[in-house]
Each structure stands twice: as structure tokens, then as C-alpha cells.
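Chain and residue survey
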Amino acid sequence: MANSCRKLIFNIYIVFYCSAVIMPQICICSQFTSSPIDQFNKDPKAFPVATNGEMFPWHELRLPTVVIPLHYDLLIHPNLTSLDFVASEKIEVLVRDATQFIILHSKDLEILNASLQSEEDVRYKKPGENLTVLSYPAHQQIALLVPEKLRAHLRYSVAIDFQAKLADGFEGFYKSTYRTLGGETRTIAVTDFEPTEARMAFPCFDEPLFKANFSIKIRRESRHIALSNMPKVKTIELEGGLLEDHFETTVRMSTYLVAYIVCDFTSVSGTASSGVKVSIYASPDKWSQTHYALEASLKLLDFYENYFDIHYPLPKLDLVAIPDFASGAMENWGLITYRETSLLFDPKTSSTSDKLWVTEVIAHELAHQWFGNLVTMEWWNDIWLKEGFATYMELISLNITYPELQFDDSFSNTCFEVIKRDSLNSSHPISNEAKTATQINEMFDAVSYNKGACILNMLKDFLSEETFRKGIIHYLKKFTYRNAKNDDLWHSLSNNCLEGDSTSGGFCYSDSRKTSNTLAFLRENVELKEMMATWTLQKGIPLVVVKREGRSLRLQQERFLSGVFKEDPEWGTLQERYLWHIPVTYSTSSSQAIHRHILKLKTDTVDLSEKTDWVKFNVDSNGYYIVHYEGQGWDELITLLNQNHTLLRPKDRLGLIHDAFQLVSAGRLTLDKALDLTRYLQHETSIPALLKGLEYLELFYRMVERRNISDVTENLKHYLLQYFKPVIDTQSWLDEGSVWDRMLRSTVLKLACYLNHAPCIQKATELFSQWMESSGKLNIPTDVLTIVYSVGAQTTAGWNYLLEQYELSLSGAEKNKILYALSTSKHQEKLMKLIELGMEGKVIKTQDLATLLFTTARNPKGQQLAWNFVKENWTHLLKKFELGSFPIRMIISGTTSHFSSKDELQEVELFFESLKTQGSHLDIFQIILETISKNIKWLEKNLPTLRKWLLTSI
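Criteria and cut-off values
- Residues numbered from 1 in each chain as written.
- Predicted model: local features only at pLDDT ≥ 70, side-chain atom pairs only at ≥ 80, totals over all residues.
- Heavy atoms only, no water.
- Helix = DSSP H or I, 4+ residues; strand = E, 2+ residues; numbered from the N terminus.
- Buried < 20%, exposed > 50% of the residue type's maximum accessible area, 1.4 Å probe, protein only.
- Lys, Arg positive; Asp, Glu negative; His and termini not counted.
- Charge placed at Lys NZ, Arg CZ, Asp CG, Glu CD.
- Salt bridge = Lys/Arg side-chain N within 4 Å of Asp/Glu carboxyl O.
- Contact = heavy atoms within 4.5 Å.
- pLDDT = per-residue confidence, 0-100.
- Pairing = 2+ DSSP bridges.
- Axes fitted to C-alpha atoms, helices over the stretch in contact; angles between N-to-C directions.
- Expected span 1.5 Å × (residues − 1).
- Polar contact = N/O pair within 3.5 Å; in protein donor to acceptor, adjacent residues only side chain to side chain.
- UniProt positions renumbered as here; feature names shortened; annotations may be inferred.
- Parallel < 35°, antiparallel > 145°, perpendicular 65-115°, else oblique.
- Left-handed = near helix turned anticlockwise from the far one by under 90°.
- Nonpolar A, V, L, I, M, F, W, Y, C, P; charged D, E, K, R; others polar.
- 1 Å grid on protein atoms, 1.4 Å probe; cavity = no way out; pocket = protein on both sides within 12 Å on 5 of 7 lines; lining within 4 Å.
- Points joined across faces, edges and corners; volume = space filled by probe spheres on them.
- Right-handed = clockwise from strand over helix to strand, strands pointing away.
- Phe/Tyr/Trp six-rings, centres within 6.5 Å; stacked < 30°, edge-to-face > 60°.
- Lys NZ or Arg CZ within 6 Å of the ring centre and 35° of its normal.

1. Describing the overall build of the protein
Along the protein, the regular secondary structure elements total 31 helices and 31 strands. In terms of overall dimensions, the protein has C-alpha extents of about 90 × 75 × 55 Å along its principal axes. Split into buried and exposed, the 954 residues of the protein put 62% on the buried side. Taking the average location of the 100 positive side-chain charges in the protein and that of its 116 negative ones, the two points are 2 Å from each other.

Have a look at this one:
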């Protein structure tokens with residue numbers, strides 16, 4: 001899944017036994033020492049009460065493992081007029097231990113009847129025995145009670161008839177609507193099951209470990225088509241004009257990957273080199289926006305099949321643009337679903353950033369067809385094994401398939417983003433305990449995605465690209481159609497000799513040559529698990545402190561904590577028991593070679609071979625750690641940047657800017673020193689580094705602007721426009737140049753117009769007027785579209801016209817730009833109207849409400865408005881979005897995390913406390929409180945310094 005975001009220690013799962021069952025490669029591990037029946041008979045009072053008042057025979061959140069599914073036969077008939085569905089299923093199960101009940105997941109489904117057949121009953125076509133069904137909604141479970149005890153090692157067939165309404169939200173089997181060009185509203189039915197919502201569509205063993213095969217049949221009207229994971233094999237005509245589509249049986253997979261859609265979409269198709277048919281589906285009026293996605297999908301599928309040395313195992317791959325979708329995309333095997341803005345590309349309104357995003361998301365979801373689908377984590381605590389890998393594979397795949405997108409230069413920001421989160425004490429380990437549905441939902445965050453990707457990239461840099469690739473191929477081949485955990489990955493990377501690759505010495509060869517890095521590592525491979533445990537089983541990010549003493553480097557590691565200073569009383573306690581095995585890299589003035597060292601201790605010393613004027617650690621920002629230079633270290637680097645910044649690699653300059661301002665937040669570097677480092681940016685030739693410096697300065701501007709600190713706001717505005725004037729003045733208002741040229745143009749002109757830079761306002765106003773006069777038909781360059789709309793939205797006539805165009809536009813990319821522009825209005829009544837439209841869900845879709853509240857809260861005129869709205873409408877918001885879901889977390893974070901006063905902190909604390917008393921508790925509450933406290937502390941410590949520095953700089 002693409003999103004784009006807890007506990008103190010990693011939960012150690014104690015496995016008491018693991019027994020293989022009849023089918024090959026099926027292994028279900030149990031954490032229970034006795035059978036469920038024994039537990040129930042021993043102490044029935046310890047078990048919950050079902051909805052009918054009877055005792056429910058199971059009390060754990062996780063399902064028992066005495067019965068496991070082998071095959072599901074599903075028949076689904078959605079009615080897109082009455083907005084409900086009727087369905088039936090037959091589940092072939094294997095009984096591992098004798099039992100008198102079967103526990104399944106079921107949520108919001110009406111079970112009409114259930115029956116059971118033994119293998120003998122099926123063979124002789126005997127009718128099934130009716131089963132008693134008990135329901136325990138608190139755990140989203142049902143129990144099927146059997147008349148006679150099921151015998152171990154036998155197979156049975158469970159038949160269930162059920163029905164439900166199509167869900168109103170974005171989970172389970174839900175309805176989605178779109179408007180045609182002619183104004184007609186049409187409805188489709190679509191599934192989204194990750195992580196725990198397959199149970200909303202059919203009773204099932206809804207945990208990733210319970211893999212099975214699925215045979216799916218869908219009934220529909222002739223005006224619709226049906227799609228599922230596998231190709232359609234036949235269509236049967238039924239009475240009343242209904243059609244029944246039968247799909248091929250799937251490969252073994254987890255329930256969260258099952259998918260089906262009933263819609264009236266059209267498609268464009270192509271064939272990959274391996275013969276896989278790839279199709280892009282969208283609503284008929286948006287068919288013209290599907291072509292780029294097809295090109296990218298074909299290219300990326302070919303790349304992955306070659307890179308992993310494993311063919312994509314299904315005969316087809318569909319990518320579908322869904323009108324209502326909560327996240328960015330979902331990797332259902334063979335039927336990937338996307339938010340429209342993550343798949344469709346309109347050359348007239350989609351910017352370079354939009355194109356990069358679409359390509360990233362496609363790359364991410366296609367990587368999941370191997371990482372996540374082919375090999376699945378055992379439980380959601382290790383979600384990073386798929387999400388971290390898919391995020392990492394974006395980097396690897398796009399560097400090869402789309403070098404012109406220069407994605408390699410964007411990846412550092414993937415790590416920088418999560419460092420903000422991971423440097424708070426409220427962070428959590430990558431591999432983290434998750435039991436409830438809410439806790440599982442919260443695992444889909446920046447730590448699982450971004451940090452997972454960053455430590456994989458660091459490990460690849462440490463092992464070498466070839467060794468790392470061989471290791472992950474070994475991992476994928478060994479666990480194909482199975483489940484894996486952390487240790488399985490480390491073992492594969494430590495023992496990556498595939499069959500036929502090894503010699504008597506036990507080392508791997510490549511083209512008859514031994515890779516020196518591989519050999520060096522293999523001699524120490526017993527340490528890999530230990531090393532990587534320090535990155536996955538403990539939270540946080542290390543700080544490497546470097547002090548140069550002659551030809552020696554004194555290294556020290558500690559836990560990096562943003563917002564906690566060394567002099568704070570809690571600092572020492574928060575450092576206890578934290579130690580990483582850090583593969584540090586460095587370069588010096590005397591050698592551009594990359595030197596390597598593993599820092600395993602709190603302190604260590606590295607000897608240099610010759611005298612050096614400066615040393616720079618974390619070469620190319622490949623390591624997941626912050627670096628602080630004690631003594632004259634920072635002064636030497638600032639001098640170097642001012643004299644000849646090109647002596648440092650572009651990514652090293654980028655990393656220095658990032659680390660300097662992060663160290664300010666931890667009280668380890670003064671703000672004036674970090675700001676002095678940015679003075680060289682007038683001469684910077686690397687756009688990512690230039691944008692990173694600009695990002696921090698803009699961040700400070702918006703912080704003081706929101707707090708209405710007028711003198712600093714004005715001086716910082718003057719400094720930005722004066723200091724970056726050469727960059728601003730050289731920007732054209734055309735779509736030209738490289739990807740980074742175009743992103744620089746969008747960023748710099750957007751800031752210039754926000755700061756009311758007269759030439760920028762004048763040009764944007766001129767283009768907006770021309771666009772209005774052309775009745776919206778003028779093609780404005782896409783890279784400046786948001787800027788032009790935002791300036792135009794400042795007048796009443798312009799704002800109203802933009803809202804009209806928003807309703808008419810068929811481009812999701814354009815609608816996003818218009819909605820952002822509308823949210824920049826300085827009129828609160830207009831902002832309130834937008835939020836109300838978002839809640840209503842017709843003109844502005846509910847899926848866009850979280851983003852709307854976020855952008856409104858970033859507007860000084862809208863920050864209090866958005867926050868008040870969330871407080872007053874919390875109950876209504878929970879009816880639209882599931883607690884713990886990405887939209888809810890985005891709404892909470894987006895409307896509060898920028899606060900920087902003690903009064904605001906107290907207000908947020910009181911609100912969170914009130915939610916806890918109502919039963920709504922999220923880990924993000926503590927993250928927000930820490931973030932606001934950090935903002936308060938930053939201003940208290942650094943505002944005087946910023947004020948003084950500006951006075952001497954303008």
C-alpha cells in the first residue's frame with residue numbers, strides 16, 4: 001500500500017510448536033500450549049459472551065490455528081441500485097487438532113446460514129449439517145459450532161450464505177461514485193481489504209499467515225464489467241438478464257490481497273516481455289489519462305521480473321483508478337487499485353511532481369507483487385518487510401527505468417522525513433507489537449515505509465549492491481507463497497548462495513569473480529542478525545559525534561533526540577540501553593575514497609593514514625544517522641562550503657544542511673551556525689541542496705508568521721527575497737528544463753508569490769486573467785499552475801470561478817491544485833464553505849477532506865478554523881474514517897502539529913484527554929504533544945538568535 005507515515009520494546013513472540021500440515025509448504029505456528037477446546041472446558045467463565053447470550057468459545061484477538069483454510073469458493077452479487085450484496089462461500093479447511101468449533105473473522109455481515117460437509121459428504125454428495133453461529137463483534141469474530149467433534153488431519157467444507165450493505169467508507173466491499181461529463185452520477189462497487197477488512201466482505205481467516213487459494217464468481221448486469229485478481233475464464237447468462245463471471249483460481253495468498261470490482265470502466269492494454277497482459281482501467285471520460293501509466297507499468301514489470309529473477313506469477317495485471325480511495329494505492333495481486341491522482345496523468349494539468357508521484361506509486365505497488373504478495377510477513381508487526389522494501393525498490397527501479405526523473409536525488413528526503421518522527425521519544429521500532437485493528441492501522445506510517453527503506457539502502461551500501469540483490473533473490477525464492485519474518489531476511493542476506501552459486505569454500509561467485517565486500521562480510525555474517533536487530537527492534541536514530549584530534553578521529557554514539565537537550569534532566573534516562581551497530585562512512589580532504597568502519601561501541605577511535613583539513617561523515621547520506629562535528633569540525637566545513645563547495649559531493653552538501661538544522665532542534669548546534677552554513681547557497685549548483693536550505697528558511701518564516709511575530713516575519717521575508725533574488729529572477733514561467741529545474745521553478749515561484757513579490761504576483765495575475773477570459777481553455781504551464789490558481793483565488797471573483805472549474809474538471813491533478821488554491825483564501829467564510837463541502841462529500845469528495853483540513857490549517861487565516869472544526873466534528877469524522885486510519889491521523893496531525901504556544905499545547909492535551917475517556921486513543925496523540933512541545937522549545941531558545949542573525953544579514 002502507498003501512503004505516503006509506538007511501543008517501547010519489540011514484542012517477542014514465543015512459539016511453542018510449529019507443525020507442517022498435509023499440503024506442502026504450509027506451516028502455521030501456534031502460541032498456545034493447549035488446544036482451544038481444553039482451554040474452553042477448563043475455564044468457560046474466562047471466555048466472552050456472544051450476542052445471543054451464549055458463551056463464545058474463543059477469547060483471543062488472534063485466531064486459533066487448529067483449523068486452517070485451503071481454498072475459498074466465493075460467489076458475490078452486488079446490487080448497485082439498492083447498494084447491498086448477497087453472497088455465498090465454501091471454504092475447504094484442514095483440521096490440525098480435534099475441535100468442536102471453527103473461529104472466523106466477520107464484520108458487519110448478516111450470516112444467513114452455515115453448514116458443514118466432511119470429505120465423505122462431499123464425495124457422496126450428502127447434504128451438509130447445519131451449524132450454530134455465534135457472534136462476538138468486539139473481536140470481529142464468529143464461531144461455528146459443530147454437532148460432532150471435527151477430527152484431526154481431515155478436510156471439511158464449510159458453506160456460508162451471507163449478505164450486507166455496500167460499505168459507506170473506504171474499507172471492505174464499498175461503493176464509489178463518479179460524475180460523467182454529462183453530469184450523471186454513476187456507482188461502482190470496489191474492495192479494499194488491507195489490513196483487516198476482508199472480513200467486511202466475506203467470513204474468513206483474516207490474518208496474513210492463513211494463505212489459501214480463491215475461486216471467485218461475480219454476478220452483474222450487462223452494462224457493467226467485473227474484475228478480480230485472476231483473468232475471467234467464462235461468463236454464464238442467468239435468468240433476468242444477469243451475467244455471472246467466473247475467474248481462474250488464484251495462487252496461494254493472504255485474504256487482504258483478494259480483490260474484485262464491478263464497474264463500467266474502459267481500459268488500455270499492452271503486453272510485457274514475459275507475455276503478461278497489463279491493463280489500465282478508468283472511468284470512460286478519463287480513458288485518455290491512462291496511457292502514461294501503461295507505459296510505466298510495462299517498463300517496471302519487465303524490470304522487476306529481471307531484477308528479482310522471478311517471473312510475475314499471474315497471467316494478467318490490472319491497474320484501476322478508483323474515484324473514492326483512502327490511501328494512494330493497494331497492491332491486490334493482479335488487480336491493483338489506485339486513487340485517481342496516483343495513476344492517471346493528464347499532460348495538460350499534471351506537473352513534473354505529479355508525474356514523479358504516479359511513477360513512484362506504480363513502482364511501489366508493482367514491487368509489492370513480490371514483496372508482500374509472493375512473500376508475506378507472518379504478522380503485521382513486520383509490515384516493514386513489505387512496505388519498507390516496496391519503498392526501497394522505488395529507488396532501485398526508477399534509477400534504471402526512468403533515469404530522467406532523477407529519483408536518486410529525491411531519496412534522501414525519504415529518510416529526512418522519517419527522521420523528524422523517529423527522533424521523538426514517542427517513535428516506535430520498525431518491528432513493533434500490533435494486536436488490535438487500530439494498532440495495526442497505525443503501523444502504516446513513516447517508520448514502516450521510510451525508515452524501513454532507509455535502513456535497507458544503508459545495508460545495500462554496506463554489503464554492496466550485488467551481494468544485497470543476491471540475498472533478496474534468495475529470500476524471495478526460499479519463501480515463495482509463504483510467510484516470513486525479520487530473521488528470515490537476515491539469514492537470506494547472510495547465506496545468499498543460491499543453488500549452483502557456491503564453491504567448496506562456501507562463498508558466492510559472480511561472473512567467476514569474488515566480490516571483496518561480500519567476502520569480507522561473509523566472514524562476519526554471524527553478526528548480521530545482531531547488527532540489524534539494533535535497527536529494527538529498537539526505536540530511534542543514532543547521533544554520531546566526531547572529534548578530530550590530529551590523525552585520530554574520536555567517535556561517540558548516542559541516541560538523537562529532537563526537542564530534548566543534553567542539559568535536560570530526562571536526557572540521561574532516555575539514552576539508557578540504546579546502542580547501534582552503525583556502518584559509518586567518511587571522506588577527507590586528502591582522499592575522496594569512501595572509508596568504512598562499523599561503530600559498535602559507545603566510543604571508538606579511527607586512525608587516519610595522513611593529515612587532513614576536514615572530514616565528512618555519512619558519504620552521500622546513505623547512512624541512517626545524524627552526524628555532529630565537535631571542536632572546529634563545523635567551522636571547517638562551513639569554510640570549505642564558502643571557498644569551494646564542489647569539493648564535497650552534492651548529497652554530502654544536502655546532508656550537511658539537514659543535519660545542521662536537526663542538531664539545532666536538539667540543542668547541539670546554535671541556530672546562527674546552521675544559518676551561516678546556508679550562506680554559500682547563492683553559489684549552489686545542486687538543486688536538491690538549494691531546495692533543502694530554502695525549505696528550512698521557509699519553515700521558520702511560516703512558524704513566526706503563524707505566531708504573528710511581525711518584526712522577524714518582515715525581516716525574514718526581506719532576507720528571502722533579497723538573498724534568493726538571483727534564483728527567483730532567473731525562473732521562466734514555462735515547462736522546460738530537467739525534472740529538478742522544474743521542481744525548483746515550482747518551489748521558488750510559489751514562495752515568491754506567497755511573500756507577495758511584486759513581479760511574481762503580476763505575472764501570475766496576468767496568466768490567471770487570461771485563463772478566465774478563455775473560459776478555462778488556456779493551457780497554463782503545469783509547473784506554475786498551482787501558483788497561478790493560488791494568486792487568482794485571492795479575489796472573490798477568482799475564488800468563485802475556481803470552485804466552478806473544480807466541479808467541472810476531469811483531471812484529479814488539476815482538482816488538487818485548485819483545491820489547494822481555494823484553501824489559501826484569506827476569507828474565513830470561504831474556508832468554512834470548503835470544509836463543509838468536504839464533509840458533505842459531493843462537490844469535494846470525502847477522500848480529499850483530510851488534505852483540505854491540512855492545507856487550511858497551514859493558512860494563518862484558517863489554522864484556528866480547521867482546529868475548531870476537528871474538535872467540534874470529531875464524532876462525525878469517525879463515521880467517515882476508521883479510527884487509526886491514515887486520513888484520521890492526517891487530520892489530527894495536519895491541524896495541530898504546527899502549534900507552537902503553551903496555550904495551544906494545553907488545548908490539544910485537553911482534547912486528547914477527552915477522546916481517551918470516550919475510548920478513542922491513538923499513538924499519534926503523544927507524537928503530536930511531543931511535536932508541539934518541541935516547537936515551543938525551539939522558539940524559546942532560537943527566536944532571539946534568529947532575530948539577531950537577520951538584523952546582521954539584511
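2. Some remarks on the pattern of salt bridges
In this structure the tally under the stated criterion is 51 salt bridges. For K175, the salt bridge is made with D168, and the minimal N-O distance between the two is 2.1 Å. The class for K175 is partly exposed, based on a relative accessible area of 22%.

3. Overview of the environment of A866
Within the fold, A866 resides in helix 27 (residues 863-872). Considered as a pair, A866 and L852 are 14 residues apart in the sequence and their alpha carbons are 9.2 Å apart. Discounting chain neighbours no more than four positions away, the residues touching A866 are I835, L853, T856, A857 and T895.

4. Some thoughts on unusual backbone geometry
Going from E194 to P195, the amide bond is cis rather than trans, its omega being 0°. Here P195 is to be found in the loop between strand 12 (185-192) and strand 13 (213-220). Phi is positive for H153, close to 70°, though the residue is something other than glycine. Of note in this structure, N756 is not a glycine but carries a positive phi near 60°. Mapped onto the elements of the fold, N756 is located in the loop between helix 20 (739-754) and helix 21 (758-773). With relative accessibility at 53%, the residue N756 sits in the exposed group.

5. With respect to the confidence of the model for the protein
Confidence in the prediction of the protein, expressed as mean pLDDT, is 92, and 92% of residues score 70 or more. Scored below 50 in pLDDT, residues 4-33 shows 83 contacts in the model against residues more than four places distant or in partner chains. Segment residues 521-526 is flagged for pLDDT under 50; beyond a separation of four residues in sequence, or across chains, it makes nine contacts in the model.

6. Quick notes on the sheet that holds strand 27 (residues 582-588)
The strand order across the open sheet built from three strands is 28-27-30, with neighbouring strands paired in antiparallel fashion. Each edge of the sheet is formed by a strand with only one pairing partner; in this case those strands are strand 28 (591-599) and strand 30 (615-617). In this sheet, neighbouring strand axes are inclined to one another by 25° on average, regardless of whether the strands run parallel or antiparallel. Inspection of the sheet shows strand 27 paired to strand 30 by three bridges, in the antiparallel sense. Looking across to strand 30, one finds that T588 is bridged to V615.

7. Things to note about the sheet that holds strand 17 (residues 260-263)
Pairing within the open sheet is antiparallel, and its four strands lie in the order 11-12-17-14. Among the strands making up the open sheet, the edge pair consists of strand 11 (172-179) and strand 14 (225-228). In this sheet, adjacent strand axes meet at a mean angle of 15° when their direction is disregarded. One ladder, built from four bridges, connects strand 14 with strand 17; its direction is antiparallel. Opposite S228, over in strand 17, you have Y260 as the bridge partner.

8. As for helix 20
Over its 16 residues, helix 20 runs 23 Å from end to end, which matches the ideal 22 Å to within 8%, given 1.5 Å per residue. Burial analysis of helix 20 places 12 of its 16 residues in the buried class, which makes it a mostly covered element. Where helix 20 is concerned, the buried positions are V739, W740, R742, M743, L744, R745, S746, V748, L749, L751, A752 and C753. The secondary structure elements touched by the buried residues of helix 20 are helix 4 (352-368), helix 17 (687-706), helix 18 (710-723), helix 19 (725-729), helix 21 and helix 22 (785-792).

9. So, the side chain of S897
Locating S897 in the fold gives a position in the loop between helix 29 (886-896) and helix 30 (902-917). For S897, a relative accessible area of 14% corresponds to the buried category. Within the structure, S897 has its side chain in polar contact with the side chain of R858 (distance 3.3 Å). In contact with S897, other than residues within four places in its own chain, are R858, I928, T931 and N935.

10. Describing the UniProt feature "domain: ERAP1-like C-terminal" (unreviewed entry) in the protein
With numbering matched to this structure, UniProt assigns "domain: ERAP1-like C-terminal" (unreviewed entry) to residues 614-932. Between the C-alpha atoms that bound residues 614-932 the distance is 37 Å, and the span itself is 67% helix and 2% strand.

11. Some points on the packing of helix 15 (residues 650-665) against helix 17
At their nearest, the axes of helix 15 and helix 17 sit 8 Å apart, and the two run at 15° to each other. Between helix 15 and helix 17, the crossing angle belongs to the class labelled roughly parallel. For the pair helix 15 and helix 17, the crossing hand works out as left-handed. Touching P650, L654, I657, H658, F661 and Q662 of helix 15 are P688, A689, K692, G693, Y696 and F700, all from helix 17. Taken together, the residues that form the contact of helix 15 with helix 17 break down as eight nonpolar, three polar and one charged.

12. Section: empty space enclosed by the protein
The computed volume of the largest cavity comes to approximately 190 Å³. The wall of the largest cavity is formed by 18 residues, among which M1, E194, N441, S885 and F886 lie closest to the centre. At three residues, the largest contribution of residues to the lining of the largest cavity is made by helix 29. For the lining of the largest cavity, the per-class residue count stands at seven nonpolar, five polar and six charged. Of the volumes computed, that of the second largest cavity is approximately 120 Å³.

13. Examining helix 9 (residues 465-478)
With 14 residues, helix 9 should reach 20 Å at 1.5 Å per residue; the first-to-last C-alpha distance of 20 Å fits that figure. For helix 9, the full list of buried residues reads T467, F468, K470, G471, I472, I473, H474, Y475 and L476.

14. Notes on the pairing of strand 19 (residues 277-282)
Consecutive side chains of a regular strand alternate in pointing toward one face of the sheet and then the other. The element strand 19 is largely enclosed, with a buried count of five among its six residues. In the sheet, strand 18 (residues 266-271) pairs with strand 19 via six bridges, with the strands oriented antiparallel. From the neighbouring strand, S267 faces strand 19, where its bridge partner is Y281. The hairpin turn running from strand 18 into strand 19, its antiparallel successor, is five residues long, and G275 in that turn takes a positive phi close to 95°. For strand 19 and strand 20 (residues 316-322), the ladder comprises five bridges, and the chain directions are parallel. Following the sheet pairing, K277 is matched in strand 20 by K316. Between the parallel pair strand 19 and strand 20, the chain is carried across by helix 3 (residues 291-308), and the sense of this crossover is left-handed.

15. Observations concerning the packing of aromatic side chains
Aromatic ring pairs are reported here in terms of the distance separating the ring centres and the angle at which the planes meet. By the definition in use, this model includes 51 aromatic pairs. Here K299 stacks its cationic end above the ring of Y402, 4.2 Å away from the centre of that ring. Across the ring face of F854, the terminal group of R858 is positioned such that the distance to the ring centre comes to 4.4 Å.

16. Structural notes on the UniProt feature "domain: Peptidase M1 membrane alanine aminopeptidase" (unreviewed entry) in the protein
UniProt marks residues 292-495 with the feature "domain: Peptidase M1 membrane alanine aminopeptidase" (unreviewed entry), using the numbering shown here. In residues 292-495, helix accounts for 54% and strand for 10%; the two terminal C-alpha atoms are 40 Å from one another.

17. A look at the side chain of D206
By secondary structure assignment, the location of D206 is in the loop between strand 12 and strand 13. A polar atom in the side chain of D206 sits 2.9 Å from the side chain of R199. For D206, the residues in contact, after removing those within four places along its chain, are L63, H105, P195, T196, E197, A198, R199, T255 and Y256.

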